[in-house]
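Chain by chain, the residues run as shown.
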Amino acid sequence: MRRRFLAILVILTTLVGSRAMAQLTDTYFPYPVVPEEKTLLSERCNYLVDKFWEGCNLKQSFSNLERLDKAFSDWIGFMPYATADTVFMSIDNFLADVNKLGPSYLLTVGKMAEKHTYTDSCEVYSEMLYLPFAKAVAANKKIDKAEHAHFERQARVIENSGLNQNVPSFSFTKPDGTQSNLGEVIASRVVLFFTEPDCFDCTLAKARLSADYNLGQLIDRGLVKIVAIYPGKPNEKWQAEAASYPENWVVGASEEVNDYFDFESQPTIYYMDAKRKVLGKDVSVEALMLGLRQINQQMQ
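Right, let's walk through the structure included here. (Residues numbered from 1 in each chain as written. Predicted model: local features only at pLDDT ≥ 70, side-chain atom pairs only at ≥ 80, totals over all residues. Heavy atoms only, no water.)

All right, on to the pairing of strand E6 (residues 268-273) then. The buried fraction of E6 amounts to six of the six residues, a majority that puts the element mostly inside the structure. Here E6 shows a buried face lined by Thr-268, Tyr-270 and Met-272 and a second buried face lined by Ile-269, Tyr-271 and Asp-273. Looking at chain direction, strand E3 (residues 189-194) and E6 are connected through six bridges and run antiparallel. Within E6, the residue paired with Val-191 across the bridge is Tyr-271. In this sheet, strand E7 (residues 278-281) lies alongside E6 in antiparallel orientation, the contact comprising three bridges. Across the sheet, residue Tyr-271 finds its bridge partner in E7, namely Gly-280. Linkage of E6 to E7, two consecutive antiparallel strands, is achieved through a turn of four residues, within which Arg-276 is found at a positive phi near 70°. (Buried < 20%, exposed > 50% of the residue type's maximum accessible area, 1.4 Å probe, protein only. Helix = DSSP H or I, 4+ residues; strand = E, 2+ residues; numbered from the N terminus. Pairing = 2+ DSSP bridges.)

What follows is the structure, given as structure tokens:
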């Protein structure tokens, strides 16, 4: 992130001044030149984000996807330092222009957005930046079905389980065969612990959380509930595994959760408030235990 920030400052410095200076940068098309009176970083980035594509012949730019991808990356790189309203207005305007070119162009842009905002290797990971692109591709019925389904699912997952989103009250089957749903789990904080049978890391995480003093105290006070969910149909292997969970945990199996969550690795841990708003996702066991300790200390 520090390297990215320094790169932004270098570009901003280059782009302030005459348009002749802008030509010194090796860019695919002339980037906007920030007026000298705009001195704050947010002002500069707002200007760049808003006017970034004005010097670009958008249709012709797709003739060199490598250079277009680099320009797209630069545009995305300014966004964390700009204001949200400017960022999302710029994205909406850009997508409207790309949509006019046709579905293949929109799909290309969607893949660029995924690469630069929604992968483990991207420099600016942001579900909220990626969401408008995913929704735009998902809304275009002329895009290949498999590609359409890919972006449609990603948009649905972000809207249902992204940071600051409210998780739907999905249903699940308890080990005794009875049905329940997430809405019935009442606590100030809810930990969703997605796990798989025969998963060594899941077993280790379960053991560490089961033995955690602070989590135990918070559960006993009714302040925290931990919900361990197997994302699949109830089966004998899961039934045997479920028997090893602490009695004060809520345990269930649910295929439905695959419509709302991504499971890049197991275990996958979400941290939510009483209204099922996601406060943290893909939380490590270490980070969760540290947060629980701080909460327990405050309560005492």
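Don't stop here, the text continues.
Residues Trp-53, Phe-72, Trp-75, Phe-94 and Phe-133 are the most contacted members of the largest nonpolar core, which totals 44 residues. Put simply, the parts of the chain that give this core at least two residues each are helix H3 (41-51), helix H5 (65-78), helix H6 (84-101), helix H7 (103-117), helix H8 (127-139) and helix H9 (145-161). Among residues more than four places away in sequence, those in contact with Trp-53 are Phe-29, Leu-58, Leu-68, Ala-71, Phe-72, Trp-75 and Phe-94. Counting 25 residues, the second largest nonpolar core, distinct from the first, contains Val-191, Val-224, Ile-226 and Ala-253. (Core = buried A, V, L, I, M, F, W, Y, C linked by side-chain atoms within 4.5 Å. Contact = heavy atoms within 4.5 Å.)

Across all of its chains, the model carries one disulfide by this definition. Through a disulfide, Cys-199 is tied to Cys-202; the S-S separation comes to 2.5 Å. An S-S torsion of about 75° defines the bridge between Cys-199 and Cys-202 as right-handed. By relative accessible area, which is 2% here, Cys-202 ends up buried. There is no disulfide at Cys-56, and the cysteine sulfur nearest it, in Cys-45, is 19 Å away. When its relative accessible area of 13% is taken as the criterion, Cys-56 is described as buried. (Disulfide = S-S within 2.5 Å.)

Let us now look at the packing of H3 against H6. At a closest axis distance of 8 Å, the pairing of H3 and H6 adopts a crossing angle of 10°. By the angle between their axes, H3 is roughly parallel relative to H6. Of the two elements, H3 crosses H6, and the hand of that crossing is left-handed. Of H6, the residues touching H3 (which contributes Asn-46, Val-49 and Asp-50) are Thr-86, Val-87 and Ser-90. (Axes fitted to C-alpha atoms, helices over the stretch in contact; angles between N-to-C directions. Parallel < 35°, antiparallel > 145°, perpendicular 65-115°, else oblique. Left-handed = near helix turned anticlockwise from the far one by under 90°.)

This structure, assessed with the given rule, holds one cavity of 30 Å³ or more. Of the pockets and cavities examined, the largest cavity occupies roughly 30 Å³. Thr-195, Glu-196, Pro-197, Trp-238, Glu-241, Tyr-245 and Val-251 together form the lining of the largest cavity. A class-by-class count of the residues in the lining of the largest cavity yields four nonpolar, one polar and two charged. (1 Å grid on protein atoms, 1.4 Å probe; cavity = no way out; pocket = protein on both sides within 12 Å on 5 of 7 lines; lining within 4 Å. Points joined across faces, edges and corners; volume = space filled by probe spheres on them. Nonpolar A, V, L, I, M, F, W, Y, C, P; charged D, E, K, R; others polar.)

With that settled, the discussion passes to the pairing of strand E5 (residues 250-253). The alternating pattern of E5 places Val-250 and Gly-252 on one face and Val-251 and Ala-253 on the opposite face, and all of these are buried. In the classification by handedness, the crossover that spans strand E4 (residues 224-230), the intervening helix H12 (residues 236-242) and the parallel E5 is right-handed. (Right-handed = clockwise from strand over helix to strand, strands pointing away.)

Moving on to the packing of aromatic side chains. Tallied over the entire structure, the rule returns 26 aromatic pairs. Taking the centre distance of 5.6 Å and the plane angle of 75° together, the rings of Phe-72 and Trp-75 count as edge-to-face. Here the residue Phe-72 and the residue Trp-75 both occupy positions in helix H5, the gap between them amounting to three residues, near one helical turn. Across this residue pair, the class does not change: Phe-72 and Trp-75 are buried. Ring centres of Phe-194 and Tyr-270 lie 6.1 Å apart, and the angle between their planes is 90°; this geometry places the pair in the edge-to-face category. One end of the pair, Phe-194, is in strand E3; the other, Tyr-270, is in strand E6, and 76 residues separate them in sequence. The pair formed by Phe-194 and Tyr-270 is uniform in burial state, with each residue classed as buried. Cluster of aromatic residues (ring-pair linked, three or more members): Tyr-28, Phe-29, Tyr-31, Phe-52, Trp-53, Phe-72, Trp-75, Phe-78, Phe-94 and Phe-133. The aromatic ring of Tyr-245 is capped on one face by Lys-206, whose charged end is 4.7 Å from the ring centroid. (Phe/Tyr/Trp six-rings, centres within 6.5 Å; stacked < 30°, edge-to-face > 60°. Lys NZ or Arg CZ within 6 Å of the ring centre and 35° of its normal.)

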